[in-house]
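Examining the three-dimensional arrangement
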Amino acid sequence: MSFVEELRQGLEKTRKNFTERMEDLVGISVDLDEDFMDELEMILVAGDVGIKTTEKIMQALRKAAATREIKSPAEALPFIKQYIADMLTVKGPRMNFKGHPTIVLVVGVNGVGKTTTIGKLANYYRLMGYKVMCAAADTFRAGAVEQLKIWGEKAQVPVISHGDIGADPAAVVYDGVKAAMARHIDVLFVDTAGRLHNKTNLMKELDKMYRVIRKEVPDGPHETLLVLDATTGQNAITQAKIFLETAHVTGVVLTKLDGTAKGGVVVAIKEELVLDVKWIGIGEGMMDFRPFDPKVFVDALFDR
Ligand code: GDP
């Protein structure tokens, strides 16, 4: 199966909920009238694009209709596709490889797929020829350390850890950074705990990690990737806002796009959080992972 086919398959539920409903609407609509606009608006909101973002898209569409740039419902769909693709353009680098080592902090609520994402990222960059290491600093969730070690074996990268539950995460980070420096590692991925129910703790813990890292590598961490679970739709946006208050997030990894009809949340993340989705997860396996490419994504979502 080709790269695009796999992505298309992963996005099937979103495509059904989103694009196919739009196509059905276009099929039964004759004019670009208010009924058409209202229905389209409802489909966008139901597709988890977010209310603010939907309004923006609708405004652009109404303007294009008023200026006769688009003249029929059939022309609305390619217009929306292009508009969303433009909205999703990724501005910064995918990974800021400036450090020696480059340190990547991976944050997010428990269960969103942080550990899995680190396994996938570690494998991806090892295959690209980088020397990769991981630090198991999620010492809060039972089994997280063991799980990362298993991913480390699968991805053939070393994992620095202390005991399991209760070990000091900052101490794990310190050992990870030291080991990465000693072994001339290119990129160190740091797993963290996501206890969002206590924002003060989360903030304290992240602050401590940043301090430990900066003492050894002053310009680190070079990336802080926020992992969000697409199946939670608009809740992912709410979660993200809390992390944005506490961490210096540089990009988003959106997981579980394969199991959800809420893939439209990609657009809301970009517009409402002003964050680039840099990676997407489309399954539980090592290879079910893609650098996010707006053009490929939008094609997979819209094209039959
Ligand atoms: P963490 O608590 O944030 O570290 O989350 P985990 O990495 O343990 O992942 C939680 C669950 O989500 C696991 O069962 C993973 O296999 C699953 N998972 C992670 N990413 C994806 C994805 O892209 N697609 C699917 N379907 N499941 C995923």
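Every chain is numbered on its own, with residues counted from 1 as its sequence reads. Totals for whole chains, interfaces and linings use every residue, but because this is a predicted model, local features are given only for residues with pLDDT of at least 70 and side-chain atom pairs only at 80 or more, for both listing and counting. For side-chain calculations, the full set of non-hydrogen atoms in the structure is used, while hydrogens and water are omitted.

1. Observations regarding the sheet that holds strand β7 (residues 277-281)
At least two bridges found by DSSP between two strands is the condition for calling them paired. Strands are runs of DSSP state E lasting at least 2 residues, helices are runs of H or I lasting at least 4, and numbering of each runs from the N terminus. In spatial order, the strands read β3-β2-β4-β1-β5-β6-β7-β8; together these eight strands make up an open sheet with mixed pairing. Edge positions in the open sheet fall to β3 (159-160) and β8 (289-291), since each of these has one partner strand only. Of the strand pairs in this sheet, strand β6 (residues 251-255) and β7 are connected by three bridges, and their pairing is parallel. Directly across from V252, in β7, lies its bridge partner V277.

2. A word on the site of the ligand
Not every one of the 18 residues close to the ligand is listed here, only the nearest: G111, T115, T116, D258 and E284. Polar contacts here mean pairs of N or O atoms no more than 3.5 Å apart (in protein, one a potential hydrogen donor and the other a potential acceptor; neighbouring residues in sequence count only if both atoms are side-chain atoms). A distance of 3.0 Å separates an oxygen atom of the ligand from a polar atom in the side chain of R141. In this structure, an oxygen atom belonging to the ligand sits 2.5 Å away from a side-chain N or O atom of E284. Accessible surface area values rest on a Shrake-Rupley calculation with a 1.4 Å probe, where residue burial reflects the displayed protein chains alone. Protein contact buries 82% of the 580 Å² of open area that the ligand shows by itself. The residue inventory of the shell around the ligand, partitioned by class, reads three nonpolar, nine polar and six charged. Any residue with a non-hydrogen atom lying within 4 Å of a molecule or strand is treated as near it. Classification used: nonpolar for Ala, Val, Leu, Ile, Met, Phe, Trp, Tyr, Cys and Pro, charged for Asp, Glu, Lys and Arg, polar for all others including Gly.

3. Some points on the pairing of strand β5 (residues 223-229)
Across a regular strand the side chains alternate sides, sitting on one face of the sheet and then on the other. Where burial is concerned, most of β5 is hidden: seven out of the seven residues are buried. For every residue, the accessible area (1.4 Å probe, protein chains only) is compared with the maximum for its type, and the residue is labelled buried under 20%, exposed over 50%, or partly exposed between those bounds. Neither face of β5 is open: one carries E223, L225, V227 and D229, the other T224, L226 and L228, and all of them are buried. Looking at chain direction, strand β1 (residues 102-107) and β5 are connected through four bridges and run parallel. If you follow V106 over to β5, its bridge partner there is L225. Across five bridges, β5 lies against β6 in parallel orientation.

4. As for the nonpolar core
Nine residue types can take part in a nonpolar core, namely buried Ala, Val, Leu, Ile, Met, Phe, Trp, Tyr and Cys, and a core is a set of them joined through side-chain atoms within 4.5 Å. F189, L254, I269 and F297 are the most contacted members of the largest nonpolar core, which has 104 residues in total. Only heavy atoms matter for contacts: two residues are in contact if any of them lie within 4.5 Å across the pair. Sequence-distant contacts of I269, defined by excluding residues within four places in its chain, comprise L228, I237, V252, L254, V274, L275 and V277.

5. A short note on helix α4 (residues 34-46)
Residue count minus one, scaled by 1.5 Å, sets the expected span of a helix. The end-to-end C-alpha distance of α4 is 18 Å, a good match for the 18 Å that 13 residues give at a rise of 1.5 Å each. Buried within α4 are the following residues: F36, M37, L40, I43 and L44. In an axial view of α4, the angular spread of the buried residues amounts to 125 degrees, which keeps them on one side of the axis. For α4, exposure combined with an orientation more than 90 degrees from the buried face picks out D35 and M42. Packing partners of the buried residues in α4 comprise α2 (12-17), α3 (19-28), α5 (51-66) and α6 (73-87). Residue D48 follows α4 closely and has a positive phi angle near 65 degrees. Here the arc refers to the set of directions running from the helix axis out to each C-beta atom.

6. Description of the confidence of the model for the protein
Confidence scores here are pLDDT values: one per residue, from the predictor, ranging 0 to 100. Confidence in the prediction for the protein averages 92 pLDDT; 99% of positions are at 70 or higher. The element-level mean pLDDT for the protein is lowest in helix α1 (residues 3-10), coming to 83, with β3 highest at 98.

7. A short note on a negative patch on the surface
Exposure above 30% relative accessible area and the lack of any salt bridge qualify a residue for a patch; like charges then connect within 9 Å, and the nonpolar side chains Val, Leu, Ile, Met, Phe, Trp and Tyr within 5 Å. When a carboxyl oxygen of Asp or Glu lies within 4 Å of a side-chain nitrogen of Lys or Arg, that pair is called a salt bridge. In this tally, Asp and Glu contribute negative charge and Lys and Arg positive charge; neither His nor the terminal groups of the chain are included. Taken as the charge centre is NZ of Lys, CZ of Arg, CG of Asp or CD of Glu, depending on the residue. Together, D31, D33, D35, D38 and E39 line one region of the surface with negative charge. With respect to the helices and strands, the residue D31 is situated in the loop between α3 and α4. Accessibility expressed as a relative area gives 46% for D31, which makes it partly exposed.

8. Let's talk about the packing of aromatic side chains
For Phe, Tyr and Trp, where Trp contributes only its six-membered ring, two rings pair if their centres lie within 6.5 Å, and the inter-plane angle classes them as stacked under 30 degrees, edge-to-face over 60, or tilted in between. Going through the model one piece at a time under the given rule, you end up with eleven aromatic pairs. Clustering of aromatic rings is evident, with ring pairs tying together F97, Y124, Y125, Y130, F189, W279 and F289.

9. A look at the packing of α1 against helix α13 (residues 294-302)
Every angle, taken between N-to-C directions, lies between 0 and 180 degrees, and every axis is a line fitted to C-alpha atoms, over only the stretch in contact when it is a helix. Two elements in contact, α1 and α13, have axes separated by 9 Å at closest approach and are oriented at 60 degrees. In this view, α1 runs oblique relative to α13, as classed from their interaxial angle. Between α1 and α13 the crossing geometry is right-handed. On the side of α1, the interface is formed by V4, L7 and R8, while α13 contributes V296, F297 and A300. Here the residues of the contact of α1 with α13 sort into five nonpolar, no polar and one charged. Note that the term roughly parallel is reserved for angles under 35 degrees, roughly antiparallel for angles over 145, roughly perpendicular for angles of 65 to 115, and oblique for everything else. It is the rotation of the near helix from the far one that decides the hand of a crossing: anticlockwise by less than a right angle makes it left-handed, clockwise makes it right-handed.

10. A few points about the pairing of β7
Of all five residues in β7, five are buried; the element is thus mostly enclosed. Look down the strands so they point away from you; if the path from the first strand over the helix to the second goes clockwise, the crossover is right-handed. Handedness of the crossover joining β6 and β7 through helix α12 (residues 265-273): right-handed. In the sheet, β7 pairs with β8 via three bridges, with the strands oriented antiparallel. Bridge pairing in β8 links W279 to P291.

11. Comments concerning unusual backbone geometry
For residues that are not glycine, phi is negative in most cases, and the peptide bond is trans in most cases. Going from H100 to P101, the amide bond is cis rather than trans, its omega being 0 degrees. Here P101 is to be found in the loop between α6 and β1. A cis geometry characterises the amide bond from G220 onward to P221, with omega recorded as -15 degrees. Inspection of the secondary structure puts P221 in the loop between α10 (199-216) and β5. Its identity is not glycine, yet Q156 carries a phi of approximately 60 degrees, on the positive side.

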